[in-house]
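What follows is the residue order along each chain.
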Amino acid sequence: MSLVGKKFPNLSVDAMNDLGDTFKVNVLEEAVKNNKKVVLFWYPKDFTYVCPTELFAFQDALKDFEAKNTVVIGASVDTAEVHFAWLNTPKDQGGIEGVTYTLLADTNRNLSDQLDINQIGNETYDEASDTYTMDGPYVPWRATYLIDEEGTVFHESVNVEPVGRNVAEYLRMIDAYAHFQKHGEVCPANWEEGKEAILESRDSVAAYLAKRLN
């Protein structure tokens, strides 16, 4: 079920940073207590292929997110120790050395299961042994959540593994939502900061469409 318009789960998860510190992170509290937006992005596995390109894309945009009062958090189901090993592996060896934001280590899958984003295939029951066997890698899809200062999810999306995300689009969505929060105007398709928004009225949208058609 979609979390859009709902509070993000109130759950603490193990985490790691580039300094080797291990600690607990509650994403909901990160938003509410710090009065910040949060972009939480899940990726399938450390030491893989598309994943490091995404982690560096978010790192490259980190100052842009911070300027928009937004915290960046990455997440997978790898252990904190594996995160730290990857954080200390140079780029020319496929590592993510230089990434500085927090990475969640949802090893017990408490949060990712609650979000229902893990890749799970068919479950087979063996009557003789009274056991279940599950298909699928049981790792997250490329799921992304944008969370506001009250802990409410205002965007979620899920990609299959082969398709990397467009980080610029999350920056645009944060701008659009912040514009709505500040001005009460809604943002039309392809809106970018500085462009015209519209009021939630027939006259306003009619005037906007008339300009675009002429």
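Residues numbered from 1 in each chain as written. Predicted model: local features only at pLDDT ≥ 70, side-chain atom pairs only at ≥ 80, totals over all residues. Heavy atoms only, no water.

Draft legend 1. The arrangement of the overall build of the protein in detail. Broken down by element type, the protein carries seven helices and nine strands. Viewed in the frame of its principal axes, the protein has a C-alpha envelope of about 70 × 45 × 35 Å. When the 214 residues of the protein are sorted by exposure, 43% land in the buried category. Put simply, 61% of the contacts in the protein that link residues at least 6 apart link residues at least 24 apart. Accessible surface, the protein as shown: approximately 11,700 Å² in total, 49% of it carbon and sulfur. Where the 19 positive side-chain charges of the protein centre and where its 35 negative ones centre are 9 Å apart. (Helix = DSSP H or I, 4+ residues; strand = E, 2+ residues; numbered from the N terminus. Buried < 20%, exposed > 50% of the residue type's maximum accessible area, 1.4 Å probe, protein only. Contact = heavy atoms within 4.5 Å. Areas by Shrake-Rupley, 256 points an atom, 1.4 Å probe, with all protein chains shown as cover. Lys, Arg positive; Asp, Glu negative; His and termini not counted. Charge placed at Lys NZ, Arg CZ, Asp CG, Glu CD.)

Draft legend 2. Structural detail: the sheet that holds strand β5 (residues 102-105). Strand order in the open sheet made by the seven strands is β2-β1-β5-β4-β3-β8-β9, with mixed pairing throughout. The open sheet has two free edges, formed respectively by β2 (22-26) and β9 (153-159), since each of these has just one partner strand. Going from strand to strand, the sheet's axes swing by 30 degrees on average, the running direction of each strand aside. Pairing between strand β8 (residues 142-147) and β9: six bridges, direction antiparallel. Bridging across to β9, tyrosine 145 finds its partner in glutamate 156. Along the sheet, helix α6 (residues 167-183) makes contact with β3 (37-42), β4 (70-76), β8 and β9, crossing β9 at roughly 160 degrees. (Pairing = 2+ DSSP bridges. Axes fitted to C-alpha atoms, helices over the stretch in contact; angles between N-to-C directions.)

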